[in-house]
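Here is how the chains run, residue by residue.
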Amino acid sequence: MGDSVNEYTTRLQQQEQEIQSLSAEIESLNNPQSLNPSSRLNELQDENAKLKYRLNVLKKTMQEERATHCGNSMTNINQQLQEIFCEAIRASCPELDDPPVSVAPNQQAKFGDYQCNSAMAMAQMLKSKGVKINPREIAEKIIQNLPDNKLIQKAEIAGPGFINIHLKKPFVSKLLSSLLINGVQPPPLYSRKKVVVDFSSPNIAKEMHVGHLRSTIIGESLCRLFEFLGYDVLRLNHVGDWGTQFGMLIAHLQDKFPDYLTSSPPIGDLQAFYKDSKKRFDEEEDFKKRAYKCVVRLQSKDPDFIKAWNLICDVSRKEFQRVYDCLDIQIIERGESYYQEMMTKVVKEFDERGLTEMDEGRKIVFAPGQPIPLTVVKSDGGYTYDTSDLAALRHRLFDEKADMIIYVTDSGQATHFQVVFAAAQMIGWYNPLETRVEHAGFGVVLGEDKKKFKTRSGDTVRLMDLLEEGLKRSMDKLKEKGRDEVLTPEELIKAQRSVAFGCIKYADLSHNRINDYIFSFDKMLDDRGNTAAYLLYAFTRIRSIARLANIDEATLKKAAETSEVLLDHEKEWKLGKCILRFPEILQKILDDLLLHGLCDYLYELATTFTEFYDSCYCVEKDRQTGTVIKVNMWRMLLCEATASIMAKCFDILGINPVGKM
């Protein structure tokens, strides 16, 4: 439906421009005889009238369809304002092919709720066409051309051409009531797309470290966002489970546990096992030769060697699962071994298209505009990470039929993925205008000394040690606040896990993922400022307001269906608007994959609620007896709406709040 509207709108604009051109040509003719309109002009004007009629019918149908689709969905106010202003802007300046539509929340409430800043940019565009016009005049035209709508109370011009937009309070109140009745529902999704998110990706026989923590937390949160928005999400763990290192591991296994085929080897510390095998590989020539032979036997699928490989992988998987259980992660493992058979076909496909060339015994692929080639076959005939990543990408595009593929790895791999994506486009696997394939890179985790996060001995910090330290510090913090005296043992454990893992996740997600960030337990467990500790306590307090006033869920639901949410106090109005910005925030994250925007919004919502709660009595009590005298139900509804949005934010961030803390 939207495509039809765009098609008709484009045709309409083209014809109106041609009509203007023909009219101008006629007027410029000196011969008065020529003032009779040409037959072409008459044809265009007739078709133009028909197009306008069809366009209006389509727009009306779209509005009806949206109303049906969006019955229970949250409304993206910014998006609706952009559509309204887009129509007004096009009507104001039909001579501009693609006029900018810029609508954003107003930074200063006294000037309005939203602001449209398009007039200045439009004036510049017109100036480049030789038309000089004051941006305020354009802004006046835009306001005059605003179509009838349910959102805007008034629009005013300020400064050089800003348009300040004031929303209708009944409209905002109605949206809040809908949210309370229907719950936090995603904006409508007109077609369900499939998303593959590649994240976590540890290496077999090595410990998960803080780099894997970032990938795991960010990747899981993006998956939760896509799922809430209605996408079909496939979580993939591209583990490093194949390669020459398995030769030395199997050779070492044979020496240490010669009966491994009949008795499961008690490998307690796989990291130490890996280090021992690597030391032997570097120092013992005979062991190195045997390790290479083991690789050949493994790659030829010798059953005994496949069993040894599986034993080593299983020990790693158990360690990985301990981390995933703490962080509440469920992910499908598809390691490099999964794509082994596909790599030969991928290389053949590039060969047949004439896209490979030889370079000192290696087979390489140059993608247009890229600084380095991909090595698809090594000089010894083996495949590389480049080959396995190409095979994985091809499988996700053609077998999984993904509409969107997101890779969550450190920023150091940005160039690698850039070249892989360029090669895939070159061979025609996907069109970036139709399929979104993107690398969501992230910076490194630093210690408080602003150097790479390491143990005192200089080793990489084991992820499981980090999570266990978080649990210990979380319990210490809860006991320091005397929570062990008021919570049951079960409630205390729940609060401990909620705070520990919530704080670790939030500390990561609240920073722009592109930047490095400093890992500090002291800062993340601080219950002041933009931390999970503060937000979890704030959420628990908000949830307790209704409970302490003896108002149950059924009473709130009935009130939402029968009572209007009043927004007369400035703090009520500010909170109501903040609550309803949630869909706008999600849309922005969908565009840029930067989750710190959701954390910033969550903190803003919590602090805006505090302003409201400090200024507006929700429950009025007798000062001497503490007895509830009056409950301002519309304010209780604002409390409930705030808590509902906060709960959904926590859910997307992978944080589990608790009822009591």
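Treat the numbers as computed from the prediction; the structure is a model and nothing was measured.

1. Observations concerning unusual backbone geometry
With the exception of glycine, most residues fall at negative phi, and the peptide bonds are largely trans. A positive phi angle is found at Ala-205, which is not glycine, with a value near 75°. Within the secondary structure layout, Ala-205 lies in the loop between strand S5 (194-198) and helix H7 (210-228). Ala-205 gets classed as buried once you look at its relative accessible area, which sits at 1%. Residue Leu-593 is not a glycine yet carries a positive backbone phi of 60°.

2. Description of the packing of H7 against helix H16 (residues 489-509)
At their nearest, the axes of H7 and H16 sit 10 Å apart, and the two run at 85° to each other. One finds that H7 runs roughly perpendicular with respect to H16. Residues Leu-213, Arg-214, Ile-217, Ile-218 and Ser-221 of H7 lie in contact with H16, whose contacting residues are Ile-504, Lys-505, Asp-508 and Leu-509. By residue class, the composition of the contact of H7 with H16 is five nonpolar, one polar and three charged.

3. Looking at the pairing of strand S6 (residues 232-237)
Counting buried positions over the six residues of S6 gives five, a clear majority of the element. In this sheet, S6 lies alongside S5 in parallel orientation, the contact comprising five bridges. The residue of S6 that forms the bridge with Asp-198 is Leu-236. With respect to chirality, the unit in which S5 leads through H7 into the neighbouring parallel S6 is right-handed. Pairing analysis gives two bridges linking S6 to strand S7 (residues 332-333), with the strands arranged parallel. Directly across from Asn-237, in S7, lies its bridge partner Glu-333.

4. What to know about the sheet that holds strand S8 (residues 356-359)
Strand order in the open sheet made by the three strands is S8-S9-S10, with antiparallel pairing throughout. Each edge of the sheet is formed by a strand with only one pairing partner; in this case those strands are S8 and strand S10 (374-377). Neighbour-to-neighbour, the strand axes of the sheet open up by a mean angle of 45°, direction not taken into account. As paired strands, strand S9 (residues 362-365) and S10 are joined by three bridges and run antiparallel to one another. Among the inter-strand pairings, Ile-364 is bridged to a residue of S10, identified as Thr-375. Packing of helix H12 (residues 340-352) onto the sheet brings it into contact with S8, S9 and S10, and relative to S9 it is tilted by some 70°.

Cut-offs applied
- Residues numbered from 1 in each chain as written.
- Predicted model: local features only at pLDDT ≥ 70, side-chain atom pairs only at ≥ 80, totals over all residues.
- Heavy atoms only, no water.
- Helix = DSSP H or I, 4+ residues; strand = E, 2+ residues; numbered from the N terminus.
- Buried < 20%, exposed > 50% of the residue type's maximum accessible area, 1.4 Å probe, protein only.
- Axes fitted to C-alpha atoms, helices over the stretch in contact; angles between N-to-C directions.
- Parallel < 35°, antiparallel > 145°, perpendicular 65-115°, else oblique.
- Contact = heavy atoms within 4.5 Å.
- Nonpolar A, V, L, I, M, F, W, Y, C, P; charged D, E, K, R; others polar.
- Pairing = 2+ DSSP bridges.
- Right-handed = clockwise from strand over helix to strand, strands pointing away.

No statement about biological role is implied by the geometric values presented.
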